[in-house]
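Each chain is listed here by its residues.
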Amino acid sequence: MRVGFGYDIHRLVHERRLVLGGVIIPFEKGLLGHSDADVLLHAICDALLGAAGLGDIGQHYPDTDPRFKDVSSMELLAWTFQLVRVKGFCVNNVDATILAEAPKLSLHRLAMQANIASALALKPGDVNIKATTMEGLGAIGKGEAIAAMCVVTLREG
Ligand code: MG
């Protein structure tokens, strides 16, 4: 069994779509980034890469590369899963936390879980998505950013 941890944060700005876990979420702001800035999927990719001993997301999908401009992070997740498979690993489970002051994410949790499970050949029950606020503290608490943290386990197979 191998364990990996991932963390990411993106700035919230006007005139961007908010995409989390591959789900477009109605909100007045969205996350700024070279790709669709799906902070949850980026944290999951980093956790997968970490568990497989494959470095980090910036090495594989640099934000200076025009191929990744506005790319769906579901594609980054699919490519990352392929890298993990080529290394001879299966994903065992995913546990992630989104840190966001707003919007309320509970309505979208099942859709995120289904997207991630299908990308990683898991059952939805093997993907756990949690959300919490920062109680008004710091940049996330002021609604200036959303962050995500993730732990994954891999097994051989
Ligand atoms: Mg990112």
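Since the model is a prediction, treat every value here as computed from it, not as a measurement.

The rules behind each value
- Residues numbered from 1 in each chain as written.
- Predicted model: local features only at pLDDT ≥ 70, side-chain atom pairs only at ≥ 80, totals over all residues.
- Heavy atoms only, no water.
- Salt bridge = Lys/Arg side-chain N within 4 Å of Asp/Glu carboxyl O.
- Helix = DSSP H or I, 4+ residues; strand = E, 2+ residues; numbered from the N terminus.
- Buried < 20%, exposed > 50% of the residue type's maximum accessible area, 1.4 Å probe, protein only.
- Donors = N, O, S within 2.8 Å, 3.2 Å for Na, K, Ca; no water.

Trainee: Looking at this model, I keep getting lost on the pattern of salt bridges. Mind explaining?
Mentor: Pairing is possible between side chains of opposite charge, provided their charged atoms come close. Under the criterion given, the structure shown has five salt bridges. The partner of Arg-16 in a salt bridge is Asp-70, with the nearest N and O atoms 3.8 Å apart. In this pair, Arg-16 is assigned in the loop between strand S1 (2–13) and strand S2 (18–20) and Asp-70 in the loop between helix H2 (57–60) and helix H3 (73–86), connecting sequence segments 54 residues apart. Here Asp-70 falls in the partly exposed class, since its relative accessible area comes to 48%. Between Lys-69 and Asp-70 there is a salt bridge, with its nearest N and O atoms 3.7 Å apart. Since its relative accessible area comes to 47%, Lys-69 is described here as partly exposed.

Trainee: Would you take a moment to explain unusual backbone geometry for this structure?
Mentor: The general pattern is negative phi for most residues beyond glycine and trans for most peptide bonds. The omega angle of the peptide bond from Ala-102 to Pro-103 is -5°, so this bond is cis rather than trans. With phi around 65°, Ala-37 is a residue other than glycine that occupies positive phi space. With respect to the helices, strands and loops of the structure, Ala-37 is situated in the loop between strand S4 (30–31) and helix H1 (39–52).

Trainee: What's the story with the coordination of the magnesium ion in this structure? I'm lost.
Mentor: Expected angles at a metal are 109.5 degrees for tetrahedral coordination by four donors and either 90 or 180 degrees for octahedral coordination by six donors. Taken together, Asp-8 (OD), His-10 (NE2) and His-42 (ND1) make up the protein donors of the magnesium ion, found 2.1 to 2.2 Å from the metal. For the magnesium ion, the single-chain donor residues occur in sequence as D-x1-H-x31-H. The same class applies to Asp-8 and to His-10, which are both buried.

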